[in-house]
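The primary structure of each chain is shown beneath.
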Amino acid sequence: AAVAGLIGSSGKLYALDINPFAIKMVEEIVAKKQLLNVETILSGRETGLPDGSLDVVLLYDTFHDLSEPDRVMEELHRVLKSNGMLSFSDHHLRENEVTSRVTNNHLFKLLRKGERTYSFAKQETT
């Protein structure tokens, strides 16, 4: 709900999860708070969103549990705008694991490391 407030009335927030229960929880919060700029997506990878349509993607505490992490990263790269940013956090991974696993396919490059999160820029592929 806090992120929905940050994006303003003209922005859009997409909440994607593979777990129907998690999606239901988000939908209940959205309804209770009457948030008009939040849409849920029940999926393990495919977003159904157009290419280059997102400014920022938050990928928090899920990477370690993904069955197809490379495919997920490809989808995130696809939907991010050329100047888009991936904000990443996963307390199950060490710092060197985070940077190597997110950048190993050359889709993202590390911009900065915060206390608990990492910011990655989208790299253009040829």
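As shown above, the structure is provided for reference.
Note that this is a predicted model, so its numbers are computed, not measured.

Analysis parameters
- Residues numbered from 1 in each chain as written.
- Predicted model: local features only at pLDDT ≥ 70, side-chain atom pairs only at ≥ 80, totals over all residues.
- Heavy atoms only, no water.
- Helix = DSSP H or I, 4+ residues; strand = E, 2+ residues; numbered from the N terminus.
- Contact = heavy atoms within 4.5 Å.
- Areas by Shrake-Rupley, 256 points an atom, 1.4 Å probe, with all protein chains shown as cover.
- Lys, Arg positive; Asp, Glu negative; His and termini not counted.
- Charge placed at Lys NZ, Arg CZ, Asp CG, Glu CD.
- Pairing = 2+ DSSP bridges.
- Axes fitted to C-alpha atoms, helices over the stretch in contact; angles between N-to-C directions.
- Buried < 20%, exposed > 50% of the residue type's maximum accessible area, 1.4 Å probe, protein only.
- Core = buried A, V, L, I, M, F, W, Y, C linked by side-chain atoms within 4.5 Å.
- Patch = residues over 30% accessible without salt bridge, like charges linked within 9 Å, V, L, I, M, F, W, Y side chains within 5 Å.
- Salt bridge = Lys/Arg side-chain N within 4 Å of Asp/Glu carboxyl O.

Trainee: I would appreciate a short explanation of the overall build of the chain in the present structure.
Mentor: Assigned secondary structure in the chain consists of four helices and six strands. Mapped from its N terminus to its C terminus, the chain presents α and β elements in the order α-β-α-β-β-α-β-α-β-β. On the principal axes, the C-alpha backbone points of the chain span a range of 40 × 30 × 30 Å. Once local pairs closer than 6 in sequence are excluded, the contacts in the chain between residues at least 24 apart make up 65%. As displayed, the chain has an accessible area near 8,100 Å², and 51% of this comes from carbon and sulfur atoms. Separation between the mean location of the 15 positive side-chain charges and that of the 18 negative ones in the chain comes to 4 Å.

Trainee: What is the right way to look at the sheet that holds strand β6 (residues 118-122) in this model?
Mentor: Backbone-to-backbone hydrogen bonds pair the strands of a sheet. The strands run either parallel or antiparallel. Sheet architecture is open: four strands sit in the order β3-β4-β6-β5, paired in mixed fashion. Of all strands in the sheet, those bounded by a partner on one side alone are β3 (54-60) and β5 (108-113). The average undirected angle you get between the axes of adjacent strands in this sheet is 25 degrees. Alignment of β3 against strand β4 (residues 80-89), held across six bridges, turns out to be parallel. Counted as the bridge partner of Leu59 is Phe88 from β4. Against the sheet, helix α3 (residues 69-79) engages β3, β4, β5 and β6, with an angle of about 140 degrees to β4.

Trainee: Can you walk me through the environment of Thr62 in this structure?
Mentor: Summarising the element assignment, Thr62 is placed in the loop between β3 and α3. Residue Thr62 is classed as partly exposed on the basis of its relative accessible area, which comes to 32%.

Trainee: Help me out: how do you make sense of α3 in this one?
Mentor: Side chains that are three or four residues apart share a direction in an α-helix, a result of its 3.6 residues per turn. Restricting attention to buried positions, one finds in α3 the residues Pro69, Val72, Met73, Glu75, Leu76, His77 and Val79. Turning to α3, the residues buried within the fold contact β3, β4, α4 (95-103), β5 and β6.

Trainee: When you look at the nonpolar core in this model, what are you seeing that I'm missing?
Mentor: The nonpolar side chains of a soluble globular protein tend to be buried, and buried together. Met73, Leu76, Leu86, Phe88, Val102, Phe108 and Phe120 are the most contacted members of the largest nonpolar core, which totals 20 residues. Mapped by element, the contributors of at least two residues to this core are β3, α3, β4, α4 and β6. In terms of residue count, the dominant contributor to this core is α3 (four residues). Not counting chain neighbours up to four residues away, the residues in contact with Leu76 comprise Val57, Leu59, Leu86 and Phe108.

Trainee: Any chance you could explain unusual backbone geometry here in plain terms?
Mentor: Generally, phi is negative for residues other than glycine and the peptide bonds are trans, each holding for most cases. For Gln34, which is not glycine, the phi torsion reads 55 degrees and is therefore positive. Within the secondary structure, Gln34 sits in the loop between α2 (20-33) and β2 (38-42). With a phi angle near 65 degrees, His106 is a residue other than glycine that sits in the positive phi range. Inspection of the secondary structure assignment puts His106 in the loop between α4 and β5.

Trainee: In this structure, what is going on with a nonpolar patch on the surface? I would like to understand it.
Mentor: Taken together, the side chains of Val56, Leu58 and Tyr60 define a hydrophobic patch exposed on the protein surface, amounting to about 260 Å² of accessible area. Structurally, the position occupied by Val56 is in strand β3. Judged by its relative accessible area of 43%, Val56 is partly exposed.

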